[in-house]
Amino acid sequence: MPLDQYNNLGSLVEPDRVHKACYADEQVFEKELENIFYKSWIYIGHESQVPNAGDYWTTWVGKERMILCRGENGDVNVLYNRCPHRGALICNNLNGNAPKAFRCPYHAWQFNMDGSLRNVPMKQGYEGVIDLTDPQLQMKRAERQETYRGFVFASLSEEGPSLEEWLGQGAKAAFDDICNRSPEGECEVVVNCFRIIQHSNWKIFLENQLDAVHPSITHHSTGDAAADMQRVYKEKTGDEPPMGYQFLADFTLPYEKWDSLDTIGHPYGHTLLAGYMGLRPRDPVTIAHEESLTAVHGEKRMDEILSTNVHHVLVYPCLSVQPPLQQLRAVRPLAANKTLTEIWHFRLKGAPEGIYDRSLAYYYHVNSPSTMVNADDLNNFRACQDGLTLEGGGDWVSFHRNYGQDPVENGITTSVTGMSKQPMRNMFAAWKEYMSA
Amino acid sequence: MSNDTTTRSSTSTLQDVEQFLYRQADILDERRWEEWLGLFTDDGIYWMPASADQETGEGQPNIFWEDHYLMDMRIRRVEHPYAHSQKAGHRTSHVVSNVMIESESDDEIVATSRFHMVEYRLDEQRYFGGKYTHRFARMDAGLKIKLQRVDLANVEGPFEYVMQIWL
Ligand code: FES
Ligand SMILES: [Fe+2]
């Protein structure tokens, strides 16, 4: 579809439907990188990923390759992964520790963890030629870097709203709800990153996360298998089956249940799903967790924290966070039809081990490379992408469900039903704004 | 000489183990699920660590960490009429080789081997390779797996799509 047919990219988005070029066109994708991924705030990693001086992890912001690292002075930095000498990638591993300094593998220029040049071999060749203290000869730092409750973001744009302003009350909930559940008010990453490639556009993943119509259909087989095994487990052992079985069985909740959930649309495309499965059974783990929070905050605040009803937060365009289970998936678009997800989970500092076990069970069943849940999601995403790439057969994607019915107040949209396509409309409203700029 | 005795017993052990591993690969490729479950002891576990240096699967992230119940669940899923990602056909072919006996006693054998596997789905072929470490129980009925550890060559990923079935 030649893009010059359109006056501007914003015209690909109508209030209740969007053009397939939004997902399938490489030119649109390039423009998304420029207008969205290089302008907004993008999640880089968690401070606890790099506990010691010299620790680093590498990741992506659009097509840019970035380094998250910690310096001798304890500061966490975000740098471009590029040597100012001849341009080689400095860190060629996913993660590691660079004792004292980064050392370029090509000609051994050395850099401090803040990017400044530390040493160059055979300096005399540069004497009187260039000044080795020139900032051009440093590893470049991200244009902006800010941290919210341990979660590090970078923006590759000098200008724009501060991180807190951009996150707003909606997206802050993702991190507040994780951290508040810890008696110490902090979480800590479990140092394991599952990386899974989706053969589909990055938006298809985000939209699916808040698509409450799909689970009982897409995950029918897994939901049934888990419900079967809950029964078998009880019969054979006489015990309650592990909580992970319930996580899977919940995917085939009846439509009425999904319909009773709430979706909330915030500015900048951040979107929430509220209401969820019972994570406060009267078991010893939950009770111990309640006690640990009550000891710090008193009973009222403990109850406030644990009844926070956020199931899923999309920090647009880069994150899908599930705070009650401490799951985080970072979205790294590689091409219009290719998306890398970096999947992490967190421990709540000071909470009982059983609370971590729940997070781990969810991480395994839903988010690991052997997931029986995303097996079917990713299959759908690919089918969507392949269909959207077709020339014929139609041009538009429908977001009509409950269009015009969702209440708006102070720029925040709520939904009349959990199945409303309000989340998709909210994300595309932000998309249109970014892309029209 | 005791050395000869060791060699003789290891040769027959090696044959038993090799035959077991070939049969296991065949069962997996032909999706004979009842037989698959029968390869494991009642408390047997199939384990694929999430990193090369992992020492246990208990209480930490894994790619696979499945007992009989979870294996049974996985079987029920792939055989479910609505498992649509299985619909277009899903075929695998394993080759197991380089079989070595690490240790053996009256009731246990530990053996390592290497595998290559191709998987065909949706007009595409994926390729996996790695190392198996089998901890066998010697039972009256023959060998049963207490723990099968599977170390993938590409354990760090990134993975193109997921693994629906054990490797
Ligand atoms: S390219 Fe890095 S030192 Fe030469
Ligand atoms: Fe899903």
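This is a predicted model, so every value here is computed, not measured.

Peer 1: I'd love a proper account of the packing of aromatic side chains, names of residues and values included.
Peer 2: All names here are of chain A. One pass over the structure, following the stated rule, counts 30 aromatic pairs over all chains. Where phenylalanine 194 meets tyrosine 363, the ring centres are 4.9 Å apart and the plane angle is 20°; that geometry is what we call stacked. With a gap of 169 residues between them, phenylalanine 194 in strand E14 (residues 194-198) and tyrosine 363 in helix H11 (residues 353-367) connect regions that are remote in the sequence. Looking at phenylalanine 194, the relative accessible area reads 4%, which means it is buried. Take tyrosine 363: its relative accessible area is 1%, and that puts it in the buried class.

Peer 1: An account of the nonpolar core is requested, with residue identities and associated values reported.
Peer 2: A:Phe153, A:Trp431 and B:Trp36 are the most contacted members of the largest nonpolar core, which has 152 residues in total. The element contributing the most residues to this core is helix H3 (residues 163-180) of chain A, with nine residues. Each of domain 1 (42-148) and domain 2 (183-436) of chain A contributes no fewer than three residues to this core. If sequence neighbours within four positions are ignored, A:Trp431 has contacts with A:Leu9, A:Leu12, A:Val13, A:Cys22, A:Val28, A:Glu32, A:Ile36, A:Trp202, A:Lys203 and A:Tyr316. By size, the runner-up hydrophobic cluster in this structure holds 18 residues, among which are A:Cys69, A:Ala98, A:Trp109 and A:Met139.

Peer 1: Talk me through unusual backbone geometry; I want residue IDs and the actual numbers.
Peer 2: That bond from A:Tyr316 to A:Pro317 is cis: its omega, 10°, falls within 30 degrees of zero. Secondary-structure assignment places A:Pro317 in the loop between strand E17 (310-315) and strand E18 (319-322). A cis amide bond links B:Gly157 with the next residue in sequence, B:Pro158, at an omega value of 0°. The topology assignment puts B:Pro158 in the loop between strand E6 (142-152) and strand E7 (159-160). In the Ramachandran plot, A:Met122 falls in the positive-phi region, its phi being about 55° despite a non-glycine side chain. Mapping A:Met122 onto the fold places it in the loop between strand E10 (117-119) and strand E11 (144-148). The backbone of A:Asn402 sits at a positive phi, close to 60°, despite the residue not being glycine. If you trace the backbone, A:Asn402 turns up in the loop between strand E21 (396-398) and strand E22 (408-409).

Peer 1: Before we move on, can you summarise the interface of chain B and chain A with the specific residues and values?
Peer 2: Buried accessible area, meaning the area lost when the parts come together, often serves as the stated size of an interface. Taken residue by residue, the interface counts 34 residues in chain B and 42 residues in chain A. Carbon and sulfur atoms supply 61% of the area buried between chain B and chain A, which totals about 3300 Å² over both sides. Linking chain B to chain A there are three salt bridges. With a closest N to O distance of 3.3 Å, A:Asp228 and B:Arg76 form a salt bridge.

Peer 1: Would you mind going over the environment of A:Gln145 in detail, with residue names and values included?
Peer 2: Residues and elements named next belong to chain A. With respect to the helices and strands, glutamine 145 occurs in strand E11. For glutamine 145, the residues in contact, after removing those within four places along its chain, are Trp41, Val76, Asn77, Val78, Val152, Phe153 and Ala154. At 2.6 Å, the side chain of glutamine 145 forms a polar contact with the backbone oxygen of valine 76.

Peer 1: Lay out the coordination of the iron ion (ligand 2) with the relevant residues and their values.
Peer 2: The coordination sphere of the iron ion (ligand 2) contains the protein donors A:His214 (NE2), A:His219 (NE2), A:Asp377 (OD) and A:Asp377 (OD), at a distance range of 2.1 to 2.4 Å. Considering all four donor atoms around the iron ion (ligand 2), the spread of angles at the metal, 57 to 146°, places the coordination shape in the irregular class.

Peer 1: Any chance you could break down helix H3 (residues 68-79) of chain B for me, citing the residues and the numbers?
Peer 2: Count 3.6 residues to each turn of an α-helix, and residues three or four apart come out pointing the same way. Residues and elements named next belong to chain B. Helix length check: H3, at twelve residues, gives a terminal C-alpha distance of 16 Å against a target of 16 Å (1.5 Å per residue), a fit within 8%. Most of H3 is tucked away, with nine of its twelve residues classed as buried. For H3, the full list of buried residues reads Tyr69, Leu70, Met71, Asp72, Met73, Arg74, Ile75, Arg77 and Val78.

Peer 1: Hey, could you go over the environment of A:Leu325 for me, with residue numbers and the actual values?
Peer 2: Structurally, A:Leu325 can be placed in the loop between E18 and strand E19 (327-335). A sequence separation of 276 residues divides A:Leu325 from A:Gln49, and the C-alpha atoms of the two residues are 19 Å apart.

Peer 1: I'd love a proper account of the packing of helix H6 (residues 220-237) of chain A against H3(B), names of residues and values included.
Peer 2: Two elements in contact, H6(A) and H3(B), have axes whose closest approach is 8 Å; the angle formed by their N-to-C orientations is 145°. Remark: the crossing between H6(A) and H3(B) carries right-handed chirality. Contacts between H6(A) and H3(B) involve A:Ser221, A:Thr222, A:Ala225, A:Ala226, A:Asp228, A:Met229, A:Arg231, A:Val232, A:Tyr233, A:Lys236 and A:Thr237 on the former and, on the latter, B:Tyr69, B:Asp72, B:Met73, B:Arg76 and B:Arg77. Of the residues belonging to the contact of H6(A) with H3(B), the class tally is seven nonpolar, three polar and six charged.

Definitions and limits used
- Residues numbered from 1 in each chain as written.
- Chains lettered and ligands numbered in written order.
- Predicted model: local features only at pLDDT ≥ 70, side-chain atom pairs only at ≥ 80, totals over all residues.
- Heavy atoms only, no water.
- Phe/Tyr/Trp six-rings, centres within 6.5 Å; stacked < 30°, edge-to-face > 60°.
- Helix = DSSP H or I, 4+ residues; strand = E, 2+ residues; numbered from the N terminus.
- Buried < 20%, exposed > 50% of the residue type's maximum accessible area, 1.4 Å probe, protein only.
- Core = buried A, V, L, I, M, F, W, Y, C linked by side-chain atoms within 4.5 Å.
- Domains from an automatic or database assignment.
- Contact = heavy atoms within 4.5 Å.
- Buried area = accessible area lost by both parts, 1.4 Å probe.
- Salt bridge = Lys/Arg side-chain N within 4 Å of Asp/Glu carboxyl O.
- Polar contact = N/O pair within 3.5 Å; in protein donor to acceptor, adjacent residues only side chain to side chain.
- Donors = N, O, S within 2.8 Å, 3.2 Å for Na, K, Ca; no water.
- Tetrahedral: all angles 85-135°; square planar, octahedral: opposite > 155°, others 65-115°.
- Expected span 1.5 Å × (residues − 1).
- Axes fitted to C-alpha atoms, helices over the stretch in contact; angles between N-to-C directions.
- Left-handed = near helix turned anticlockwise from the far one by under 90°.
- Nonpolar A, V, L, I, M, F, W, Y, C, P; charged D, E, K, R; others polar.

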